[in-house]
Amino acid sequence: MPEGDSIWRAASRLNEALAGQTITASDFRVPRFATLNLAGWTMTEVVPQGKHLLMRLAGPVDEEPGASRKPRELTIHSHLKMEGNWMIYPPGGRWTKPGHTARCVLRTASADAVGFSLGILEVVPTAEESKIVGHLGPDLLGPDWDEAEALRRLRAEPDVTVGFALLDQRKLAGIGNIYRCESCYLSGIHPALPVGEVPDLAKTVNDAKRLLGENLGPGRRSTLGPRAMRPGYWVYGRERQPCRRCGTTIRRGLLAGPDGTEERDIYFCPRCQPAPQANPVPQANPAP
């Protein structure tokens, strides 16, 4: 699933292509909004909110006598989930993904924006955005990032494993599995450690925020820092490879939520991140 940096880059591309442009034609290929026509509406901005995309539009001013001169405002809300993507093409350009996977098509005089395989697609009054994203915790890449509030939400459930808590978008928004694994490694903590036992929770959160911020530009994602010889990760996806610091074999395991569901892969160095003794994590590939 795309993480906060991917959504930030997608919002930036869409905003550059669409902001200030008038929609000349729209096509919503989901039953609920199939008859919605946004032709004549103006895209005011596209902004990210954690892993969500918000495309804000202003409608034509009603010229009827006595009507309010204030334009109507709508928001197209999408979530990419595992397979979704927004692509930008020149007007009438040939799509590079199968047409049957398109869920939303927005055409302007200068560009066509097509949302493929979107996990969530809905249109709401902009004034009601809080109903769809109001549950999210502070956005690590947002202009209103609130570290104190994020830490408060995390610490409210001290028995939850830090690896699961960091993925809970209600606590802080934007972290996915990659940054969860990498920030735990940089803090020297195992993802199965309970939040209440994390020595420096603020460091873990700030490591995640820093890594996200370092990956907003072009090129391959990397968590190794600007001086690294080539892009890569510390532990994520490096099962059976040597730790970049101590040489110990990186391992992969499964970590479930408090109710035993939502198992996700974790990657860790057993030497740099020793597992909590009271709660060992089953190894997916135990060393021989």
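Everything quoted here is computed from the prediction, not taken from an experiment.

Trainee: Where do I start with the overall build of the protein chain in this structure?
Mentor: Helix and strand counts for the protein chain come out as six helices and 10 strands. Total accessible area on the protein chain stands at roughly 14300 Å², and carbon and sulfur atoms take up 50% of it. Averaged over its 36 positive side-chain charges, the protein chain has a centre that lies 7 Å from the centre of its 32 negative ones.

Trainee: Explanation requested: the side chain of N177 in the structure shown.
Mentor: Secondary-structure assignment places N177 in helix 5 (residues 177-187). Within the structure, the side chain of N177 is placed 3.0 Å from the backbone oxygen of D265, a separation counted as a polar contact. Ignoring anything within four residues of it in the chain, the contact list for N177 reads E3, L167, Y236, R264 and D265.

Trainee: Would you mind going over the layout of surface pockets with me for this structure?
Mentor: Gaps left between atoms show up when a probe the size of a water molecule is rolled over them. Within this model, the second largest pocket holds a volume of roughly 200 Å³. Taken together, 15 residues line the second largest pocket, and the ones lying closest to its centre are E214, N215, R220, R221 and S222. Taken together, the residues of the lining of the second largest pocket break down into five nonpolar, five polar and five charged.

Trainee: Whenever I open this one, the pattern of salt bridges confuses me. Can you help?
Mentor: Two side chains that carry opposite charge are able to pair once their charged atoms sit near each other. Inspection of the entire model under this criterion finds 17 salt bridges. The residue D112 makes a salt bridge to R107 at a minimum N-O spacing of 2.7 Å. Classification of D112 as buried rests on a relative accessible area of 1%. R153 is the salt-bridge partner of E149, the closest N and O atoms lying 2.8 Å from each other. Of this pair, E149 and R153 both sit in helix 3 (residues 147-155), four residues apart, which is roughly one turn of that helix. Overall, R153 belongs to the partly exposed group, its relative accessible area being 24%.

What counts, and at which threshold
- Every chain is numbered independently, its residues counted from 1 as its sequence is written.
- Local features in a predicted model are, by the rule used here, given only for residues with pLDDT of at least 70; side-chain atom pairs are given and counted only at 80 or more, and totals for whole chains, interfaces and linings are based on all residues.
- The side-chain figures draw on all heavy atoms in the structure; neither hydrogens nor water molecules are used.
- Numbering of helices and strands runs from the N terminus, with a helix taken as a DSSP run of H or I at least four residues long and a strand as a DSSP run of E at least two residues long.
- Working definition of accessibility: Shrake-Rupley area with a 1.4 Å probe, residue cover restricted to the visible protein chains.
- Under the counting rule used here, the positive set is Lys and Arg, the negative set is Asp and Glu, and His together with the chain ends is not counted.
- Where a charge lies is defined by one atom per residue type: Lys uses NZ, Arg uses CZ, Asp uses CG and Glu uses CD.
- In protein, a polar contact means a hydrogen-donor-capable atom and an acceptor-capable atom, both N or O and within 3.5 Å, with residues adjacent in sequence counting only if both atoms are side-chain atoms; elsewhere, any N or O pair within 3.5 Å suffices.
- Contact definition: two residues touch when any of their heavy atoms are within 4.5 Å.
- Buriedness of a pocket was judged along seven lines, with at least five required to meet protein on both sides within 12 Å; pockets are open sets of points on a 1 Å grid over the protein atoms alone, cavities are sets where a 1.4 Å probe fits but cannot get out, and lining residues have an atom within 4 Å of a point.
- Grid points are joined across faces, edges and corners, and a volume is the space filled by probe spheres set on the points.
- For this classification, Asp, Glu, Lys and Arg are treated as charged, while Ala, Val, Leu, Ile, Met, Phe, Trp, Tyr, Cys and Pro are nonpolar and the rest, including Gly, are polar.
- In the sections that follow, a salt bridge refers to a side-chain nitrogen of Lys or Arg positioned within 4 Å of a carboxyl oxygen of Asp or Glu.
- The rule is simple: take the accessible area with a 1.4 Å probe, protein chains only, and divide by the maximum for that residue type; under 20% is buried, over 50% is exposed, in between is partly exposed.

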